[in-house]
Amino acid sequence: MQGVGNTLLTLQQAVFAFENKLERFIKDIETDHLLHFEKLREFKDACAASDPTQHLDIQQLAGFTSDLLQSFKARFGAFREHTRLFKFITHPHECEVDKADLIYIPGVSIRDFEIEVADLKASEMWVNKFKTLYEDLEGLARQQAELASKHKWSEMKKLQPADQLIVKTWNALPVTYRTLQHVSIAVLTMFGSTYAFCLQNIFLITQTKSWPDAQTHCRTKYTDLSLLSNEVENQAFTSSVSQTAQAGWIGLYSDATSPSRWKWSGGTNATYLSFDHGYQSTPGRVLWTPYGWKSKYPDYFYNNFFCLNLIVVEEKKTWEEALEHCRDKHTDFTSLLSQTEVLLAQRQIQKNSITDQVWVGLRYLEDSWLWVNLDPLEFVAWPETVQDHQCPTWSHSCGALTKKGLWEYRDCQEKLNFICY
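Residues numbered from 1 in each chain as written. Predicted model: local features only at pLDDT ≥ 70, side-chain atom pairs only at ≥ 80, totals over all residues. Heavy atoms only, no water.

Bringing the overall build of the protein chain into the picture now. Within the protein chain one finds 15 helices and 13 strands. Counting contacts in the protein chain only where the partners sit at least 6 residues apart, residues at least 24 apart contribute 71% of the total. Of the roughly 21400 Å² of accessible surface on the protein chain, a fraction of 51% belongs to carbon and sulfur atoms. (Helix = DSSP H or I, 4+ residues; strand = E, 2+ residues; numbered from the N terminus. Contact = heavy atoms within 4.5 Å. Areas by Shrake-Rupley, 256 points an atom, 1.4 Å probe, with all protein chains shown as cover.)

Written out as structure tokens, the structure is:
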């Protein structure tokens, strides 16, 4: 119902608008004006013209519509109860969110939340970020309305999704607002909303398997067991998945040769860890839970699991054509947020039938490289010996991944295979 790229605010607005329309329809029927029921009015007038003594009773329709309205309001009552919480994602400096609103979000410190809100409201710089966000969302809504009026649906798909604008703003805040970021992500992922940090490519598999069998399943059906390479990824994953109350294997396991003693299934050493208290020192396979990562499980222990999925499209397209294909047929162009993800993607593109370079969602805009799905660009894989990617020509402003696992900037009109998620 919500749709990829839309937000809870969009869904809430649609629900409230539908309720208002039902109320208008009920009044229209009860007053017998039938301004919104043209065919019914014509039928009623025709009946009266053919037999003046015949009276068409339409009040039963008003009763049915009223029942529908009450049922709809009951089903979506939470939207009215949590209006302040929903508004928080775009107006954190104006909303008065309290403890009752936050009980639905796991792992939130009320104390930290209140202090961070107080700091944010006092910062003109960060408040202005959200004022700019609102202006951007307003502009996006105008563009959507104009294109919809002209039935230009393919053009609408090229617009930047609203949730990406929101996440970009929250990503701009420093780590001192980590609790607020956690709440914003949790709100964005309520009611099945997509996660704009690329959680769309993680799947919960509700088939209980051992960790080795789960790894085999993910590598056969998808790409590999999922990985969580940094704090932002892990928080967003927790906010999204914890609503299912499902624990599951992730691709982390103990390895004595790794500096951190932990390694990802994709082959790299783990540099970020988020274990529940007392579990990090215990070797074993790792289970994700809403309360933290847990290890010490042997191979014969069975559980659900999470798979990462990268989709290599063996069609040759320009970068822009590939972007449109990914957003039309899948979710978006892929981002590669860690060395592990690069290794996994590199493994997927080794077939001879795949071009030597493949497009990914990397683009040079406004003097910097960025991921077009607005994932944070912190990890890079440019060749160490070549630095001219720092100032590419306008035509060579699109990023590709090579079979050697390195990034290259290339002519955007070149036709290559590409990776979606």
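A covalent bond between the sulfur atoms of two cysteines is what we call a disulfide. All chains considered together, the criterion is met by three disulfides. What pairs with Cys-218 in a disulfide is Cys-307, and their sulfur atoms sit 1.9 Å apart. Around the S-S axis, the bridge from Cys-218 to Cys-307 shows a dihedral of about -75° and counts as left-handed. Of the two residues, Cys-218 sits in helix H12 (residues 211–221) while Cys-307 sits in strand S7 (residues 303–308), which places them 89 residues apart along the sequence. With respect to class, Cys-218 is no different from Cys-307; both count as buried. (Disulfide = S-S within 2.5 Å. Buried < 20%, exposed > 50% of the residue type's maximum accessible area, 1.4 Å probe, protein only.)

In terms of nonpolar packing, the biggest core is built from 27 residues, with Phe-113, Leu-180 and Val-183 touching the most fellow members. Here this core gets six residues from one element, more than from any other, and that element is helix H8 (residues 124–149). Each residue touching Phe-113, except ones within four places of it in the same chain, is listed here: Phe-88, Val-97, Leu-102, Val-108, Thr-179, Leu-180 and Val-183. (Core = buried A, V, L, I, M, F, W, Y, C linked by side-chain atoms within 4.5 Å.)

The next subject is the side chain of Glu-116. Note on placement: Glu-116 falls in helix H7 (residues 110–122). In terms of polar contacts, Glu-116 uses its side chain to reach the side chain of Thr-179, at 3.0 Å. (Polar contact = N/O pair within 3.5 Å; in protein donor to acceptor, adjacent residues only side chain to side chain.)

With that settled, the discussion passes to the packing of H7 against H8. One way to put it is that H7 packs onto H8 with a least axis distance of 5 Å and a crossing angle of 85°. Classed by the angle they form, the pair H7 and H8 counts as roughly perpendicular. Packed against H7, whose contacting residues are Leu-120, Lys-121 and Ala-122, the element H8 presents Glu-124, Trp-126, Val-127 and Phe-130 at the interface. Grouping the amino acids of the contact of H7 with H8 by side-chain chemistry returns five nonpolar, no polar and two charged. (Axes fitted to C-alpha atoms, helices over the stretch in contact; angles between N-to-C directions. Parallel < 35°, antiparallel > 145°, perpendicular 65-115°, else oblique. Nonpolar A, V, L, I, M, F, W, Y, C, P; charged D, E, K, R; others polar.)

In this section: the packing of H8 against helix H10 (residues 162–171). At a minimum axis distance of 10 Å, the contact between H8 and H10 shows a crossing angle of 170°. The orientation of H8 with respect to H10, classified from their angle, is roughly antiparallel. The residues of H10 that touch H8, namely those facing Lys-129, Phe-130, Leu-133, Asp-136, Leu-137 and Leu-140, are Ala-162, Leu-165, Ile-166, Thr-169 and Trp-170. Partitioning the contact of H8 with H10 into residue classes produces eight nonpolar, one polar and two charged.

Of note in this structure, Leu-34 is not a glycine but carries a positive phi near 55°. Mapped onto the secondary structure, Leu-34 falls in the loop between helix H1 (8–30) and helix H2 (38–50). A relative accessible area of 1% places Leu-34 in the buried class. Its identity is not glycine, yet His-151 carries a phi of approximately 60°, on the positive side. Looking at the element boundaries, His-151 is found in the loop between H8 and helix H9 (153–157).

Moving on, we come to the environment of Ser-260. The topology assignment puts Ser-260 in the loop between strand S3 (248–254) and strand S4 (262–264). Overall, Ser-260 belongs to the partly exposed group, its relative accessible area being 23%. Those residues in contact with Ser-260 that lie beyond four places of it in its chain are Ala-270 and Leu-273.

With that settled, consider the pattern of salt bridges. Following the criterion strictly, the structure yields 16 salt bridges and no others. In this structure, Arg-347 and Asp-224 form a salt bridge, with 3.2 Å as the shortest nitrogen-oxygen distance. Here Arg-347 is found in helix H15 (residues 339–348), whereas its partner Asp-224 is found in strand S2 (residues 224–225), with 123 residues between them in sequence. Owing to a relative accessible area of 38%, Arg-347 belongs among the partly exposed residues under this scheme. What makes Asp-224 buried here is its relative accessible area of 0%. In this structure, Asp-276 engages Lys-294 in a salt bridge whose closest nitrogen and oxygen atoms are separated by 4.0 Å. (Salt bridge = Lys/Arg side-chain N within 4 Å of Asp/Glu carboxyl O.)

Next up on the list: the packing of aromatic side chains. The geometry of an aromatic ring pair is captured by the separation of the ring centres together with the interplanar angle, meaning the angle of the planes. Taken as a whole, this structure holds 18 aromatic pairs when the rule is applied. Ring centres 4.9 Å apart and planes at 65° place the aromatic pair Phe-130 and Trp-170 in the edge-to-face group. Highlighted residues: Phe-130 in helix H8 and Trp-170 in helix H10, separated in sequence by 40 residues. An angle of 65° between the planes, with centres 5.3 Å apart, marks the rings of Tyr-364 and Trp-369 as edge-to-face. You can call Tyr-364 buried: its relative accessible area is 15%. Pairwise contacts between aromatic rings join Tyr-364, Trp-369, Trp-371, Phe-379, Trp-382 and Trp-407 into one cluster. Geometry around Trp-319 places Arg-363 over its ring, the cationic atom sitting 4.8 Å from the centre. (Phe/Tyr/Trp six-rings, centres within 6.5 Å; stacked < 30°, edge-to-face > 60°. Lys NZ or Arg CZ within 6 Å of the ring centre and 35° of its normal.)

Let us look at the environment of Glu-23. Assignment of secondary structure puts Glu-23 in helix H1. Sequence separation between Glu-23 and Leu-69 is 46 residues; the distance between their C-alpha atoms is 7.5 Å. Sequence-distant contacts of Glu-23, that is, excluding residues within four places in its chain, are made with Leu-69 and Lys-73.

On average, residues of the protein chain score 82 in pLDDT, and 87% of them are at 70 or above. Mean pLDDT across the elements of the protein chain bottoms out in helix H4 (residues 77–81) (66) and peaks in strand S13 (residues 416–420) (97). Below a pLDDT of 50 lies the segment residues 1–5, which in the model reaches 16 contacts outside its immediate sequence neighbourhood of four places, other chains included. Within the model, pLDDT remains below 50 along residues 191–198, and this stretch shows 36 contacts once partners closer than five positions in the same chain are excluded. (pLDDT = per-residue confidence, 0-100.)

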